[in-house]
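# A structural walkthrough
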Amino acid sequence: MNPDSFEEQQEALDPHRREERDSAAVEIAGRLRQKGVLLTGRESGAQLDDLLTAVDRFEAAVIGRGGDLLVNSPSSHPPEDPDFVIPQRVPGEDPEAYAARINSAAERLERADF
(Lines give C-alpha, C1' and ligand atoms only; values in the text may rest on other atoms or scores of the structure.)
Protein backbone atom coordinates (compact mmCIF):
# COMPACT_ATOMS: atom_id res chain seq x y z
CA MET A 1 0.00 0.00 0.00
CA ASN A 2 1.28 3.46 -0.87
CA PRO A 3 2.02 5.35 2.38
CA ASP A 4 0.65 8.56 0.85
CA SER A 5 -2.66 6.94 0.06
CA PHE A 6 -2.87 5.58 3.62
CA GLU A 7 -2.28 9.08 5.00
CA GLU A 8 -4.85 10.49 2.59
CA GLN A 9 -7.38 7.89 3.77
CA GLN A 10 -6.67 8.71 7.40
CA GLU A 11 -7.02 12.42 6.77
CA ALA A 12 -10.36 11.80 5.06
CA LEU A 13 -11.52 9.92 8.16
CA ASP A 14 -10.15 12.53 10.57
CA PRO A 15 -10.02 16.06 9.17
CA HIS A 16 -7.90 17.21 12.16
CA ARG A 17 -5.20 14.61 11.60
CA ARG A 18 -2.85 16.95 9.70
CA GLU A 19 -3.31 19.62 12.38
CA GLU A 20 -2.47 17.12 15.12
CA ARG A 21 0.55 15.84 13.21
CA ASP A 22 1.80 19.38 12.60
CA SER A 23 1.28 20.28 16.26
CA ALA A 24 3.25 17.21 17.36
CA ALA A 25 6.08 18.14 14.99
CA VAL A 26 6.23 21.66 16.44
CA GLU A 27 6.38 20.24 19.98
CA ILE A 28 9.14 17.77 19.08
CA ALA A 29 11.13 20.48 17.30
CA GLY A 30 10.89 22.68 20.39
CA ARG A 31 12.12 19.87 22.63
CA LEU A 32 15.04 19.20 20.29
CA ARG A 33 16.02 22.87 20.16
CA GLN A 34 15.95 23.04 23.98
CA LYS A 35 18.45 20.18 23.97
CA GLY A 36 20.75 22.12 21.66
CA VAL A 37 19.91 20.32 18.41
CA LEU A 38 20.26 22.45 15.29
CA LEU A 39 17.19 22.19 13.04
CA THR A 40 16.67 23.66 9.60
CA GLY A 41 12.87 23.72 9.75
CA ARG A 42 12.67 21.40 6.74
CA GLU A 43 12.72 18.17 8.76
CA SER A 44 9.65 15.97 8.41
CA GLY A 45 7.69 14.79 11.41
CA ALA A 46 9.22 11.32 11.04
CA GLN A 47 12.74 12.79 10.89
CA LEU A 48 12.07 14.86 14.00
CA ASP A 49 10.80 11.77 15.77
CA ASP A 50 13.93 9.82 14.77
CA LEU A 51 16.14 12.65 16.03
CA LEU A 52 14.30 12.82 19.35
CA THR A 53 14.58 9.06 19.76
CA ALA A 54 18.33 9.24 19.11
CA VAL A 55 18.76 12.17 21.53
CA ASP A 56 16.77 10.35 24.23
CA ARG A 57 18.96 7.28 23.76
CA PHE A 58 22.12 9.39 23.97
CA GLU A 59 20.91 11.15 27.13
CA ALA A 60 20.00 7.82 28.73
CA ALA A 61 23.50 6.53 27.94
CA VAL A 62 25.07 9.65 29.51
CA ILE A 63 22.99 9.21 32.66
CA GLY A 64 23.81 5.49 32.68
CA ARG A 65 27.52 6.39 32.75
CA GLY A 66 26.95 8.81 35.63
CA GLY A 67 27.02 11.96 33.52
CA ASP A 68 25.12 15.13 34.24
CA LEU A 69 23.18 16.56 31.29
CA LEU A 70 23.26 20.11 32.68
CA VAL A 71 27.05 20.39 32.80
CA ASN A 72 27.49 18.46 29.54
CA SER A 73 25.13 20.35 27.28
CA PRO A 74 26.11 21.97 23.96
CA SER A 75 26.04 25.33 25.79
CA SER A 76 28.39 24.20 28.59
CA HIS A 77 31.74 25.97 28.26
CA PRO A 78 33.70 23.92 28.95
CA PRO A 79 31.65 20.76 29.41
CA GLU A 80 32.54 18.52 32.33
CA ASP A 81 33.11 15.60 29.93
CA PRO A 82 33.10 16.25 26.16
CA ASP A 83 32.12 12.62 25.50
CA PHE A 84 28.83 13.35 27.29
CA VAL A 85 27.89 16.27 25.01
CA ILE A 86 25.49 15.42 22.20
CA PRO A 87 27.27 15.57 18.83
CA GLN A 88 26.63 18.80 16.99
CA ARG A 89 24.95 18.75 13.60
CA VAL A 90 27.22 19.58 10.70
CA PRO A 91 25.82 22.31 8.39
CA GLY A 92 24.08 20.61 5.48
CA GLU A 93 23.92 17.24 7.28
CA ASP A 94 20.67 15.43 6.56
CA PRO A 95 18.55 14.40 9.56
CA GLU A 96 19.05 10.67 8.96
CA ALA A 97 22.85 10.97 8.99
CA TYR A 98 22.72 13.16 12.09
CA ALA A 99 20.44 10.73 13.95
CA ALA A 100 22.82 7.90 12.97
CA ARG A 101 25.79 9.84 14.43
CA ILE A 102 23.90 10.47 17.66
CA ASN A 103 22.97 6.78 17.88
CA SER A 104 26.61 5.82 17.26
CA ALA A 105 27.72 8.11 20.08
CA ALA A 106 25.07 6.60 22.35
CA GLU A 107 26.18 3.09 21.44
CA ARG A 108 29.79 3.99 22.23
CA LEU A 109 28.71 5.23 25.67
CA GLU A 110 26.57 2.14 26.23
CA ARG A 111 29.54 -0.09 25.46
CA ALA A 112 31.92 2.21 27.37
CA ASP A 113 34.70 1.68 24.83
CA PHE A 114 35.95 5.24 24.64
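Just above sits the structure.
Residues numbered from 1 in each chain as written. Predicted model: local features only at pLDDT ≥ 70, side-chain atom pairs only at ≥ 80, totals over all residues. Heavy atoms only, no water.

### As for unusual backbone geometry
- Cis geometry marks the peptide bond from His 77 to Pro 78; its omega dihedral reads -10°.
- Its location among the elements puts Pro 78 in the loop between helix H3 (45–64) and helix H4 (95–111). (Helix = DSSP H or I, 4+ residues; strand = E, 2+ residues; numbered from the N terminus.)

### Considering the pattern of salt bridges
- Per the counting criterion, the structure on display carries six salt bridges.
- Here Arg 89 ties to Glu 43 by a salt bridge, and the two come within 2.7 Å at their closest N and O atoms. Separated by 46 residues along the polypeptide, Arg 89 in the loop between H3 and H4 and Glu 43 in the loop between helix H2 (17–34) and H3 bring together distant segments of the chain. When sorted by exposure, Arg 89 lands in the same class as Glu 43, which is buried.
- Here Asp 83 ties to Arg 108 by a salt bridge, and the two come within 3.4 Å at their closest N and O atoms. With Asp 83 in the loop between H3 and H4 and Arg 108 in helix H4, the pair connects residues that are 25 residues apart, well separated along the chain.
- Overall, Asp 83 belongs to the partly exposed group, its relative accessible area being 28%. (Salt bridge = Lys/Arg side-chain N within 4 Å of Asp/Glu carboxyl O. Buried < 20%, exposed > 50% of the residue type's maximum accessible area, 1.4 Å probe, protein only.)

### Regarding H3
- Counted at 1.5 Å a residue, the expected span for H3 with its 20 residues is 28 Å, and the 28 Å between its end C-alpha atoms agrees.
- Among the residues of H3, those classed as buried are Gln 47, Leu 48, Leu 51, Leu 52, Ala 54, Val 55, Phe 58, Glu 59, Ala 61 and Val 62.
- Where H3 is buried, its residues touch H2 and H4.
- Among the residues trailing H3, Gly 66 stands out with phi positive, at a value near 85°. (Expected span 1.5 Å × (residues − 1). Contact = heavy atoms within 4.5 Å.)

### With respect to the nonpolar core
- Ranked by size, the top nonpolar core spans 22 residues in total, and within it Leu 32, Phe 58 and Ile 102 carry the most contacts.
- Dropping the residues within four chain positions of it, Phe 58 is found in contact with Asp 83, Phe 84, Val 85, Ile 86, Pro 87, Ile 102, Ala 105, Ala 106 and Leu 109. (Core = buried A, V, L, I, M, F, W, Y, C linked by side-chain atoms within 4.5 Å.)

### Focus on a negative patch on the surface
- A cluster of acidic side chains, namely Asp 49, Asp 50, Asp 94 and Glu 96, defines a negative patch on the protein surface.
- Take Asp 49: it is sitting in helix H3. (Patch = residues over 30% accessible without salt bridge, like charges linked within 9 Å, V, L, I, M, F, W, Y side chains within 5 Å. Areas by Shrake-Rupley, 256 points an atom, 1.4 Å probe, with all protein chains shown as cover. Lys, Arg positive; Asp, Glu negative; His and termini not counted. Charge placed at Lys NZ, Arg CZ, Asp CG, Glu CD.)

### As for the packing of H2 against H3
- Following both chains from N to C, one finds H2 and H3 inclined at 35°, their axes separated by 10 Å at the closest point. For the pair H2 and H3, the sense of crossing is left-handed. Facing Ala 25, Ile 28, Ala 29, Arg 31 and Leu 32 of H2, the residues of H3 in contact are Gly 45, Leu 48, Asp 49, Leu 51, Leu 52, Val 55 and Asp 56.
- Residue composition of the contact of H2 with H3, by class: eight nonpolar, one polar and three charged. (Axes fitted to C-alpha atoms, helices over the stretch in contact; angles between N-to-C directions. Left-handed = near helix turned anticlockwise from the far one by under 90°. Nonpolar A, V, L, I, M, F, W, Y, C, P; charged D, E, K, R; others polar.)

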